[in-house]
Amino acid sequence: QQIEHINIYIDLYSRGDRVIKETKERYDKKIAELLGEANEVYLYSEYKKQVDEVGKRIIINIWILRGLLIAIPVIHIIIHWVLLKLGINSESIASYLTKLLFIIPFVWMILFTIKNIREDRKIEQTYKHKEVVTRTYLNFLEMLNKEPYLDDDGKVRKILSRIAVESMGLNPALLLDKST
């Protein structure tokens, strides 16, 4: 008699599972509608775009730096030649002051460009870190989707999400920075 009633419990249990699964699918669909593009894959691609943009800025700044480093001796030679044409002694204090007057702004631009490169490298490292964390998070989610028995009650997803958010909050570029 008890065995006959077990079938009722099994049937109720399977119906309950089906209802939970359908509710979860509706919930996931609603979340996807609300978030729109702001999902994990979108975040990964945005971080990738930011890394690429910052990388281009670094390359441009390096070329500007090279140009400035080449410009200083060229300007020195041109000023030296102009002073000789004007008949001013190239060993006089006035000639040195004239050269300094033209070269100091270039030195300032070099220092400014080096500072920009350093800051851009920090930003690049930050975005690369976020890109790697997002990619790792996506890989773990994919694994959990393929192997649902690893996360029957959803605790693993919650822990994974919490760790991913905490990791994204860290800034590895500042960990070794002496100024912070």
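Check the entry above for the structure.
Residues numbered from 1 in each chain as written. Predicted model: local features only at pLDDT ≥ 70, side-chain atom pairs only at ≥ 80, totals over all residues. Heavy atoms only, no water.

A. Geometry of helix α3 (residues 93-146). In this model, α3 (54 residues) spans 78 Å end to end at C-alpha, consistent with the 80 Å of a helix rising 1.5 Å per residue. Along its length, α3 shows its largest kink, about 30°, at Ile103, and proline Pro105 lies within four residues downstream of that point. (Helix = DSSP H or I, 4+ residues; strand = E, 2+ residues; numbered from the N terminus. Expected span 1.5 Å × (residues − 1). Bend = angle between axes of the 7 residues up to and from the residue.)

B. Quick look at the side chain of Lys130. Its place among the elements puts Lys130 in helix α3. We note that Lys130 is buried and unpaired, the nearest opposite charge coming from Glu131 at a distance of 12 Å. Setting aside its immediate chain neighbours within four residues, Lys130 contacts Tyr47, Met168 and Leu170. (Buried < 20%, exposed > 50% of the residue type's maximum accessible area, 1.4 Å probe, protein only. Lys, Arg positive; Asp, Glu negative; His and termini not counted. Salt bridge = Lys/Arg side-chain N within 4 Å of Asp/Glu carboxyl O. Contact = heavy atoms within 4.5 Å.)

C. Broad picture of the layout of surface pockets. In this structure, the second largest pocket occupies an estimated 450 Å³ of space. Taken together, Asp17, Ile20, Lys21, Lys24, Leu144, Pro148, Asp151, Asp152, Asp153, Gly154 and Arg157 make up the full set of residues lining the second largest pocket. Broken down by element, the lining of the second largest pocket gets its largest block of residues, 4 residues, from helix α1 (residues 2-35). Of the residues assigned to the lining of the second largest pocket, the class counts are 3 nonpolar, 1 polar and 7 charged. (1 Å grid on protein atoms, 1.4 Å probe; cavity = no way out; pocket = protein on both sides within 12 Å on 5 of 7 lines; lining within 4 Å. Points joined across faces, edges and corners; volume = space filled by probe spheres on them. Nonpolar A, V, L, I, M, F, W, Y, C, P; charged D, E, K, R; others polar.)

D. Highlighting the environment of Ala71. Its place among the elements puts Ala71 in helix α2 (residues 40-85). A relative accessible area of 19% places Ala71 in the buried class. When the C-alpha atoms of Ala71 and Ile103 are compared, they prove to be 9.0 Å apart, with 32 residues separating the residues in sequence.

E. Layout of helix α4 (residues 155-169). Under the 1.5 Å per step criterion, the end-to-end length of α4 is 21 Å for 15 residues, consistent within 8% with the ideal 21 Å. Within α4, burial applies to Leu160, Ala164 and Met168. Angularly, the buried residues of α4 cover 65° about the axis, an arc narrow enough to put them on a single face. Turned more than 90 degrees away from the buried face of α4, the exposed residues are Lys155, Lys158, Val165 and Gly169. (Arc of directions from axis to C-beta.)

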